[in-house]
Amino acid sequence: MIELEARLDELRSLGLARRTRLVSGPQGPHVLLDGKPVLLLCSNNYLGLADHPRVREAAADAAMRWGVGAGASRLVSGTMTIHRRLEERLADFKRREAALVFGSGYLANVGTISALAGAGDVVFSDELNHASIIDGCRLSRAEVFVYDHCDPEHLRWGIARAEGRGALIVTNSVFSMDGDVAPLAEIVELAQRHRLRTVIDEAHGTGALGPGGRGALAQAGLEDQVDVILGTLGKALGSYGAFVACDQTMARYLVNAARTFIFSTALPPPAVAAALAALALLRERPERVDRLAANATALRAGLAAEGFDVGTARTQIVPLVVGRPEQSMRICEAALARGVFAQAIRPPTVPPMTSRLRLAVMATHREEELREAARTLGAVARACGFDPRARGPVTDERADAGELVAAGFVDPRDEDGFGQRAAARHLPSSPPPARRGGVFDFEAPGGVRRAA
Ligand SMILES: Cc1ncc(COP(=O)(O)O)c(C=O)c1O
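Read on for a plain summary of the structure. (Residues numbered from 1 in each chain as written. Predicted model: local features only at pLDDT ≥ 70, side-chain atom pairs only at ≥ 80, totals over all residues.)

### Quick look at the site of the ligand
Argument step 1. In the vicinity of the ligand, 14 residues are found, and the nearest of them are Ser104, Gly105, Tyr106, Ser176 and Ala203.
Argument step 2. Grouping the constituent residues of the shell around the ligand by class yields 3 nonpolar, 10 polar and 1 charged. (Near = placed C-beta within 6 Å. Nonpolar A, V, L, I, M, F, W, Y, C, P; charged D, E, K, R; others polar.)

Here you go:
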């Protein structure tokens, strides 16, 4: 049995204990956090629609017209006219035949992936995919080939090793903790050549990238080249819930096979109405997306001037990788004391020794306040003993990873994925086959079995 107090003590000693913080009022660019006014730099309310008056009114109105709950799952009596309307609008927005609304992005990934792969199949998954993708892979009972982050060569190698058992490639389009974009054209090309299905998670691309905010796939002209586009309603669209956009056959199949669609209560009408209003606003005023990009550029420029490595990505997500969890927390708390709220993100959300401040820009920030925040972050980082200009890992990453696993806070299967990433940094672009094992059998007794 898990000794709860002992586990919590261990978490504390590793600098990994978590707690919730309390925000008063709506998720605007400024919030009251634990009673103190701060600039909010870690919300996924990218377009400022969660607190938009029209979106709030739509939710309030829906509560009066349809009630606050759907009362049943979609296949019983939970599909209401407003769900159907949202699905039609989302399909049109993503330029696909059909869309299906799920309870959340987590549920959409878990349900879709586990419906599209099964025992005996191989799923190919980027090593930095979101936890809901990882859990979907596990639930599918398929073997999972975790390919090196954004590395089509490693993916190609894995597909060959799967010897025809490949079923699905799944990836974030925009990586939630790094802000970089998957090599979508190469992934689509490989999928088509090897007759694999593709699920692309546009949780952070929808509303933020591409023409009219239609996503990273639309930006790359690939919207109609993948099997499933997954989007969330709880980020740029300011509400809650998620959807998949696909063709009619896929939609009909998922209605019958995605257990998280079948066995969970339908989305509440106010959340559906809010998403509809947000979508209408996005279509009316697509310049919000340009504003978001301009703000991301302003923040990156300010951080680069402070010496931070802002990488080459151009999205609204900007990671400041610090390394040690305790130091990330110290910088986070010091920034908060100076009025900037950028939550520290630590393992297991990110690989060991890559703890970071994950900054997220909103279209409703002012450029000047973002530049000021960058100056604050530079000053507090230095005051906390972290020199932004001296980049790179702080200590022995593998030792720390092992420590986390031993303490039971990181699943060894996750650790293996992270380990791959850490190792990849030091390897030539075409690593020798010995390291290229990567088909993991999550069901195997005794932890991870490398089948390749
Ligand atoms: C890439 C990605 N997919 C899925 C999800 C889950 O979405 P939701 O919060 O709607 O469950 C998230 C949430 O952060 C995410 O970042």
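Past the structure itself, the notes keep going.
### Some remarks on the sheet that holds strand S11 (residues 317–323)
Argument step 1. Within the open sheet, the 3 strands sit side by side as S11-S14-S13. Their pairing is antiparallel. Each edge of the open sheet is held by one strand with a lone partner, namely S11 and strand S13 (344–345).
Argument step 2. Relative to strand S14 (residues 355–360), S13 is paired through 2 bridges, and the arrangement is antiparallel. By the bridge assignment for S14, Ala344 is matched with Leu357. (Pairing = 2+ DSSP bridges. Helix = DSSP H or I, 4+ residues; strand = E, 2+ residues; numbered from the N terminus.)

### With respect to the environment of Val340
Argument step 1. For Val340, the location among the structural elements is in strand S12 (residues 340–341).
Argument step 2. The spatial distance from the C-alpha of Val340 to the C-alpha of Leu41 is 7.0 Å, given a sequence separation of 299 residues.
Argument step 3. Other than its neighbours up to four places away in sequence, Val340 contacts Val38, Leu39, Leu41, Ala335, Ala373, Thr376 and Leu377. (Contact = placed C-beta atoms within 7 Å.)

### A few points about the nonpolar core
Argument step 1. Val123, Phe243 and Val244 are the most contacted members of the largest nonpolar core, which totals 136 residues.
Argument step 2. A domain-level breakdown of this core finds at least three residues from each of domain 1 (12–41 + 286–390) and domain 2 (53–284).
Argument step 3. Setting aside chain neighbours within four positions, we find Val123 in contact with Ile113, Ala117, Cys137, Ser140, Ala142, Val144, Ala167, Leu168 and Val170. (Core = buried A, V, L, I, M, F, W, Y, C linked by C-beta atoms within 7 Å. Buried ≥ 20, exposed ≤ 12 C-beta atoms within 10 Å, placed from the backbone. Domains from an automatic or database assignment.)

### Describing the pairing of strand S10 (residues 242–246)
Argument step 1. In terms of burial, S10 is largely enclosed, as 5 of its 5 residues are buried.
Argument step 2. Burial along S10 is two-sided: the residues Ala242, Val244 and Cys246 and Phe243 and Ala245 are all buried.
Argument step 3. In this sheet, S10 lies alongside strand S4 (residues 98–102) in antiparallel orientation, the contact comprising 5 bridges. Residue pairing for S10: Ala99 is matched across the bridge by Ala245.
Argument step 4. Two strands pair when backbone bridges link them, and strand S9 (residues 228–232) and S10 are joined in this way by 4 bridges, in the antiparallel orientation. Residue pairing in the sheet places Thr232 in a bridge with Ala242 of S10.

### Thoughts on the pairing of strand S8 (residues 197–201)
Looking down a regular strand, the side chains alternate between one sheet face and the other.
Argument step 1. Across the 5 residues that make up S8, a large majority, 4, are buried.
Argument step 2. When strand S7 (residues 166–172) meets S8, the two strands line up parallel, connected through 5 bridges. Of the residues in S8, the one forming a bridge with Leu168 is Arg197.
Argument step 3. In terms of strand pairing, S8 meets S9 through 3 bridges, oriented parallel. Bridged to Asp201 within S9 is Leu230.

Just geometry here; none of it tells us what the structure is for.
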